[in-house]
Amino acid sequence: MTGFRGVLKITVPLMAVFFMVCGTQTSMAFSPKKFNIPKKGDASSGGEGLSGAALDEAKGNYQLYCVMCHGNEGKGDGQLAPTLDIPPANHTDPERMSKASDERLFKTISQGGASVGLSESMPPHNTTLSEEQIRGLVKYLRVLCGCQYKG
Ligand code: HEC
(Lines give C-alpha, C1' and ligand atoms only; values in the text may rest on other atoms or scores of the structure.)
Protein backbone atom coordinates (compact mmCIF):
# COMPACT_ATOMS: atom_id res chain seq x y z
CA MET A 1 0.00 0.00 0.00
CA THR A 2 2.63 2.51 0.99
CA GLY A 3 4.42 1.65 -2.24
CA PHE A 4 1.39 2.58 -4.32
CA ARG A 5 0.91 5.86 -2.43
CA GLY A 6 4.55 6.64 -2.93
CA VAL A 7 4.22 6.16 -6.66
CA LEU A 8 1.14 8.42 -6.72
CA LYS A 9 3.04 11.11 -4.81
CA ILE A 10 5.60 11.21 -7.55
CA THR A 11 3.48 10.63 -10.65
CA VAL A 12 0.75 13.18 -9.88
CA PRO A 13 3.08 16.18 -9.70
CA LEU A 14 5.08 14.81 -12.61
CA MET A 15 1.95 14.59 -14.73
CA ALA A 16 0.95 18.11 -13.72
CA VAL A 17 4.32 19.41 -14.88
CA PHE A 18 4.05 17.36 -18.04
CA PHE A 19 0.65 18.86 -18.93
CA MET A 20 1.75 22.39 -18.11
CA VAL A 21 4.74 22.10 -20.40
CA CYS A 22 2.78 20.42 -23.18
CA GLY A 23 -0.09 22.85 -22.76
CA THR A 24 2.08 25.90 -23.31
CA GLN A 25 3.88 24.30 -26.19
CA THR A 26 0.70 23.41 -28.05
CA SER A 27 -0.81 26.84 -27.49
CA MET A 28 2.41 28.39 -28.78
CA ALA A 29 2.35 26.16 -31.82
CA PHE A 30 -1.30 26.61 -32.71
CA SER A 31 -2.11 30.22 -31.88
CA PRO A 32 0.39 32.40 -33.69
CA LYS A 33 -2.04 35.35 -33.32
CA LYS A 34 -0.92 35.67 -29.71
CA PHE A 35 2.37 36.99 -31.01
CA ASN A 36 1.83 40.38 -32.50
CA ILE A 37 4.53 40.79 -35.05
CA PRO A 38 5.36 44.49 -35.16
CA LYS A 39 4.70 46.20 -38.46
CA LYS A 40 6.26 49.35 -39.83
CA GLY A 41 5.99 52.27 -37.43
CA ASP A 42 4.35 50.16 -34.73
CA ALA A 43 6.90 50.53 -32.02
CA SER A 44 7.66 54.22 -32.32
CA SER A 45 4.29 55.75 -33.07
CA GLY A 46 0.65 56.09 -32.24
CA GLY A 47 0.28 52.98 -34.34
CA GLU A 48 1.10 51.23 -31.07
CA GLY A 49 -1.80 49.10 -30.05
CA LEU A 50 -2.84 48.54 -33.64
CA SER A 51 -1.82 45.02 -34.51
CA GLY A 52 -3.15 41.66 -35.53
CA ALA A 53 -6.79 41.62 -36.62
CA ALA A 54 -7.38 45.32 -35.87
CA LEU A 55 -4.47 46.31 -38.08
CA ASP A 56 -5.73 44.05 -40.87
CA GLU A 57 -9.20 45.55 -40.59
CA ALA A 58 -7.95 49.14 -40.70
CA LYS A 59 -5.71 48.34 -43.64
CA GLY A 60 -8.66 46.69 -45.41
CA ASN A 61 -10.83 49.77 -44.88
CA TYR A 62 -8.03 51.99 -46.12
CA GLN A 63 -7.76 49.86 -49.27
CA LEU A 64 -11.54 50.07 -49.80
CA TYR A 65 -12.21 53.73 -49.05
CA CYS A 66 -8.98 55.71 -49.32
CA VAL A 67 -6.50 54.32 -51.84
CA MET A 68 -8.30 55.62 -54.94
CA CYS A 69 -7.15 59.07 -53.88
CA HIS A 70 -4.40 58.55 -51.33
CA GLY A 71 -2.73 55.66 -53.17
CA ASN A 72 -1.99 52.07 -52.25
CA GLU A 73 0.78 53.02 -49.87
CA GLY A 74 -0.75 56.30 -48.76
CA LYS A 75 1.63 58.52 -50.73
CA GLY A 76 -1.16 60.65 -52.18
CA ASP A 77 -0.82 59.15 -55.65
CA GLY A 78 -4.10 57.25 -56.10
CA GLN A 79 -5.88 56.85 -59.44
CA LEU A 80 -8.18 59.82 -58.80
CA ALA A 81 -5.37 62.11 -57.62
CA PRO A 82 -4.74 63.71 -61.05
CA THR A 83 -8.41 64.68 -61.30
CA LEU A 84 -8.39 66.69 -58.05
CA ASP A 85 -7.56 70.40 -57.78
CA ILE A 86 -5.81 69.88 -54.47
CA PRO A 87 -3.62 66.79 -54.24
CA PRO A 88 -4.57 64.16 -51.64
CA ALA A 89 -2.49 64.25 -48.48
CA ASN A 90 0.63 62.10 -48.42
CA HIS A 91 -0.05 59.97 -45.35
CA THR A 92 3.52 58.70 -45.26
CA ASP A 93 4.89 62.21 -44.72
CA PRO A 94 5.68 62.48 -41.00
CA GLU A 95 6.19 66.24 -41.25
CA ARG A 96 2.65 66.80 -42.50
CA MET A 97 0.96 64.12 -40.45
CA SER A 98 2.58 65.09 -37.13
CA LYS A 99 0.91 68.51 -37.41
CA ALA A 100 -2.57 66.99 -37.12
CA SER A 101 -3.87 65.68 -33.79
CA ASP A 102 -5.72 62.35 -33.68
CA GLU A 103 -8.94 64.29 -33.00
CA ARG A 104 -8.39 66.39 -36.10
CA LEU A 105 -7.66 63.32 -38.23
CA PHE A 106 -10.82 61.72 -36.87
CA LYS A 107 -12.88 64.82 -37.74
CA THR A 108 -11.33 65.05 -41.22
CA ILE A 109 -12.18 61.43 -42.01
CA SER A 110 -15.58 61.57 -40.39
CA GLN A 111 -16.87 64.97 -41.53
CA GLY A 112 -14.66 65.60 -44.53
CA GLY A 113 -11.89 68.06 -45.43
CA ALA A 114 -14.17 71.10 -45.43
CA SER A 115 -14.94 70.60 -41.72
CA VAL A 116 -11.32 71.38 -40.81
CA GLY A 117 -10.66 74.01 -43.47
CA LEU A 118 -9.18 71.57 -46.02
CA SER A 119 -10.39 70.76 -49.52
CA GLU A 120 -13.90 69.39 -49.84
CA SER A 121 -12.45 66.81 -52.25
CA MET A 122 -11.63 64.94 -49.06
CA PRO A 123 -15.08 63.38 -48.57
CA PRO A 124 -16.89 62.73 -45.26
CA HIS A 125 -17.13 59.07 -44.22
CA ASN A 126 -19.50 59.31 -41.26
CA THR A 127 -22.26 57.53 -43.14
CA THR A 128 -20.07 54.76 -44.59
CA LEU A 129 -17.79 54.01 -41.63
CA SER A 130 -18.49 53.46 -37.94
CA GLU A 131 -16.77 55.46 -35.21
CA GLU A 132 -14.68 52.43 -34.37
CA GLN A 133 -13.61 51.94 -37.97
CA ILE A 134 -12.59 55.60 -38.21
CA ARG A 135 -10.64 55.28 -34.97
CA GLY A 136 -8.85 52.30 -36.51
CA LEU A 137 -8.03 54.36 -39.58
CA VAL A 138 -6.58 57.17 -37.45
CA LYS A 139 -4.25 54.62 -35.85
CA TYR A 140 -3.43 53.21 -39.27
CA LEU A 141 -2.45 56.69 -40.47
CA ARG A 142 0.02 56.81 -37.57
CA VAL A 143 1.45 53.50 -38.76
CA LEU A 144 1.77 54.88 -42.31
CA CYS A 145 3.59 58.05 -41.25
CA GLY A 146 5.49 56.37 -38.41
CA CYS A 147 4.73 59.53 -36.46
CA GLN A 148 2.73 61.05 -33.66
CA TYR A 149 1.11 64.45 -33.13
CA LYS A 150 3.81 66.93 -32.19
CA GLY A 151 1.51 69.85 -31.39
C1 HEC B 1 -12.04 61.49 -53.45
C2 HEC B 1 -10.68 61.48 -52.97
C3 HEC B 1 -10.41 61.15 -51.53
C4 HEC B 1 -10.80 60.04 -50.83
C5 HEC B 1 -11.67 58.89 -51.29
C6 HEC B 1 -10.19 60.15 -49.51
N7 HEC B 1 -9.48 61.32 -49.43
FE8 HEC B 1 -8.46 61.99 -47.82
N9 HEC B 1 -7.95 63.67 -48.80
C10 HEC B 1 -8.24 63.94 -50.12
C11 HEC B 1 -7.70 65.23 -50.49
C12 HEC B 1 -7.81 65.91 -51.84
C13 HEC B 1 -7.04 65.73 -49.33
C14 HEC B 1 -6.24 67.03 -49.20
C15 HEC B 1 -7.09 68.12 -48.65
C16 HEC B 1 -6.31 69.41 -48.55
O17 HEC B 1 -5.08 69.37 -48.45
O18 HEC B 1 -6.97 70.46 -48.55
C19 HEC B 1 -7.24 64.73 -48.30
C20 HEC B 1 -6.78 64.87 -47.01
C21 HEC B 1 -6.91 63.91 -46.03
C22 HEC B 1 -6.47 64.07 -44.66
C23 HEC B 1 -5.87 65.34 -44.05
C24 HEC B 1 -4.43 65.17 -43.67
C25 HEC B 1 -3.93 66.38 -42.92
O26 HEC B 1 -2.94 66.95 -43.35
O27 HEC B 1 -4.52 66.74 -41.91
C28 HEC B 1 -6.73 62.90 -44.02
C29 HEC B 1 -6.47 62.57 -42.58
C30 HEC B 1 -7.33 62.01 -44.99
N31 HEC B 1 -7.45 62.65 -46.19
C32 HEC B 1 -7.72 60.71 -44.71
C33 HEC B 1 -8.45 59.94 -45.59
C34 HEC B 1 -8.91 58.61 -45.27
C35 HEC B 1 -8.58 57.85 -44.01
C36 HEC B 1 -9.66 58.20 -46.32
C37 HEC B 1 -10.43 56.92 -46.45
C38 HEC B 1 -11.38 56.61 -45.42
C39 HEC B 1 -9.66 59.27 -47.30
N40 HEC B 1 -8.91 60.29 -46.83
C41 HEC B 1 -10.33 59.22 -48.51
C42 HEC B 1 -8.97 63.15 -50.97
C43 HEC B 1 -9.57 61.95 -50.64
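Refer to the preceding data block for the structure.
Residues numbered from 1 in each chain as written. Predicted model: local features only at pLDDT ≥ 70, side-chain atom pairs only at ≥ 80, totals over all residues.

A. Main features of the overall build of the chain. When helices and strands are tallied, the chain shows six helices and zero strands. Each helix and strand of the chain, placed in order from N terminus to C terminus, yields the pattern α-α-α-α-α-α. Looking at the chain as a whole, 23% of its 151 residues qualify as buried. Pairs at least 24 apart in sequence give 54% of the contacts found in the chain among residues at least 6 apart. (Helix = DSSP H or I, 4+ residues; strand = E, 2+ residues; numbered from the N terminus. Buried ≥ 20, exposed ≤ 12 C-beta atoms within 10 Å, placed from the backbone. Contact = placed C-beta atoms within 7 Å.)

B. Summary view of the site of the ligand. Taken together, 24 residues lie around the ligand, and Cys66, Cys69, Leu118, Ser119 and Met122 are the ones closest in. Among the secondary structure elements, those contributing two or more residues to the shell around the ligand are helix H3 (67-70), helix H5 (102-111) and helix H6 (131-145). Of the residues belonging to the shell around the ligand, the class tally is 17 nonpolar, six polar and one charged. (Near = placed C-beta within 6 Å. Nonpolar A, V, L, I, M, F, W, Y, C, P; charged D, E, K, R; others polar.)

C. Representation of the packing of H5 against H6. Packing of H5 against H6 brings their axes to within 9 Å, and their N-to-C directions diverge by 125 degrees. Considering the angle they form, H5 stands oblique to H6. Considering only the axes of H5 and H6, their crossing is right-handed. Along the contact surface, H5 presents Asp102, Leu105, Phe106, Ile109 and Ser110, while H6 presents Ile134, Arg135, Leu137, Val138 and Leu141. (Axes fitted to C-alpha atoms, helices over the stretch in contact; angles between N-to-C directions. Parallel < 35°, antiparallel > 145°, perpendicular 65-115°, else oblique. Left-handed = near helix turned anticlockwise from the far one by under 90°.)

D. Highlighting the nonpolar core. The biggest cluster of nonpolar side chains holds 19 residues, and the ones touching the most others in it are Ala58, Leu137, Tyr140 and Leu141. Every element with two or more residues in this core is listed here: helix H2 (52-65), H5 and H6. The dominant element in this core, judged by the number of residues it contributes, is H6, at eight residues. Each residue touching Leu137, except ones within four places of it in the same chain, is listed here: Ala58, Asn61, Tyr62 and Ile109. (Core = buried A, V, L, I, M, F, W, Y, C linked by C-beta atoms within 7 Å.)

E. The arrangement of the environment of Tyr65 in detail. Mapped onto the fold, Tyr65 is located in helix H2. For the pair Tyr65 and Leu129, spaced 64 residues apart in sequence, the C-alpha separation works out to 9.3 Å.

Nothing here speaks to function; it is all geometry.
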